[in-house]
Amino acid sequence: MKIRIKVNGKERDVQEVSLEGILKELGFGEAKVATAVNGEFVPVTARAERRLQQGDRLEVLAPMQGG
Amino acid sequence: MRDFYGVTLESPLMLGTAQYPSPAILAEAFRASGASVATVSLRRETGGGQDFWALVRELGVRILPNTAGCHTAKEAVTTAQMARELFETPWIKLEVIGHSDNLQPDPFELLEAARILCEEGFQVFPYTTEDLVLAERLVEVGCRVLMPWGAPIGSGLGLNNPYGLRSLRAYFPEIPLVVDAGLGLPSHAAEAMELGYDAILLNTAVAKAGDPVAMARAFALAAQAGRLAYEADPMEPRDMAAPSTPVIGKAWLD
């Protein structure tokens, strides 16, 4: 059973419900990224336990140029 | 010399990493200028983030992540939390934008975000206006660095309010001060440092120059010159001329 979530603003259907599993499923497994769910920061250490639900908003952010 | 949360910087130049013609030119600009700090941001991962991270680490400078583009305290706090984990530093350049035309900080949201982040153990570098009362409040909530703007971000107008910047320097003798944003020319950097500022932070003036590497070096030299001048205790200006060559002993040649 898949759930539909928003990943960086785009709708995605994912199999996994743990944030850690979802990141792997989306191809971010090894990437240096930081995550937030519904506007709240989720640290790396909490990803395995953090479960996502239908309609959740996931932000996956990476280092980027800045001033 | 004032330190930045216990860190003494080798160079007073803090340089942004955006808008360069290429990653190679970005890296060369850092090498040529000896900049001590690189500002970076966080954005949605679309593929380039990992290479950029590798590039920034190779620069061998301190990383100062920003909260650019945030308009509320809540957004800025979450971004800062993500930045702390991603870049493995408690340093955060706190930007909470209040107006889309001049990108000036929202003082109310900025103060609230600074309060929360200082409580959470962040070492906050607030991008602020030169408003003395706001600066005082930022220090009260725990900021130990202040970064007033010279002029609106990306404008290159230089120091719009030297009086305000000078007042901050006089009022906060112990707090490291950085002119952040609005510098367009090395002379602006020298001016800021001559006021007794501890560092300058810029991006566009270097990245958008015809030769970013040369301009980065020019800014570094100007900042050093300005600092030396400040430390050398400049003369007081005066309205009337005063001859520098001795008058006594001049020959009678009429």
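Residues numbered from 1 in each chain as written. Chains lettered and ligands numbered in written order. Predicted model: local features only at pLDDT ≥ 70, side-chain atom pairs only at ≥ 80, totals over all residues. Heavy atoms only, no water.

**Structural notes on the environment of L138 of chain B**
Residue and element names in this part refer to chain B. Mapped onto the elements, L138 comes out in helix α5 (residues 132–140). Between the C-alpha atom of L138 and that of A207, which follows or precedes it by 69 residues, the distance is 30 Å. Not counting residues within four places of it along the chain, the set of residues in contact with L138 comprises L110, L111, A114, P126, T128, C143 and L146. (Helix = DSSP H or I, 4+ residues; strand = E, 2+ residues; numbered from the N terminus. Contact = heavy atoms within 4.5 Å.)

**A look at the interface of chain B and chain A**
Each side of the interface is counted separately: chain B has 27 residues, and chain A has 24 residues. Here chain B and chain A share an interface that buries about 2200 Å² over both sides, 59% of which is from carbon and sulfur atoms. Across the chain B-chain A interface, the total number found is four salt bridges. Of all the secondary structure elements, the ones that give two or more residues to the side of chain B that touches chain A are β2 (37–44), α2 (49–59) and α3 (73–87) of chain B. For the side of chain B that touches chain A, a count of residues per class yields nine nonpolar, ten polar and eight charged. When strand β5 (residues 57–65) of chain A meets β2 of chain B, the two strands line up antiparallel, connected through five bridges. Bridge pairing in β2 of chain B links M64 of chain A to S41 of chain B. (Buried area = accessible area lost by both parts, 1.4 Å probe. Salt bridge = Lys/Arg side-chain N within 4 Å of Asp/Glu carboxyl O. Nonpolar A, V, L, I, M, F, W, Y, C, P; charged D, E, K, R; others polar. Pairing = 2+ DSSP bridges.)

**Here's the deal with the environment of M14 of chain B**
Residue and element names in this part refer to chain B. As for its position among the elements, M14 is in strand β1 (residues 13–16). A relative accessible area of 0% means that M14 is categorised as buried. Spatially, the C-alpha atom of M14 lies 6.0 Å from that of I200, the residues being 186 residues apart in sequence. Not counting residues within four places of it along the chain, the set of residues in contact with M14 comprises F4, L9, V37, F125, V178, A199, I200, L201 and L202. (Buried < 20%, exposed > 50% of the residue type's maximum accessible area, 1.4 Å probe, protein only.)

**Let's talk about the pattern of salt bridges**
Counted according to the given criterion, the structure contains 13 salt bridges over all chains. Across the pair R4 of chain A and D13 of chain A runs a salt bridge whose closest N-O atoms are separated by 2.8 Å. R4 of chain A sits in the partly exposed class, given a relative accessible area of 39%. Owing to a relative accessible area of 37%, D13 of chain A belongs among the partly exposed residues under this scheme. Notably, a salt bridge pairs K93 of chain B with D180 of chain B, separated by 3.2 Å at the nearest N-O pair. With K93 of chain B in strand β4 (residues 91–94) and D180 of chain B in strand β7 (residues 178–180), this pair connects stretches of sequence that are 87 residues apart. Per residue, the accessibility class of K93 of chain B equals that of D180 of chain B, and both read buried. When salt bridges that share partners are traced, they join R4, E11 and D13 of chain A into one network.

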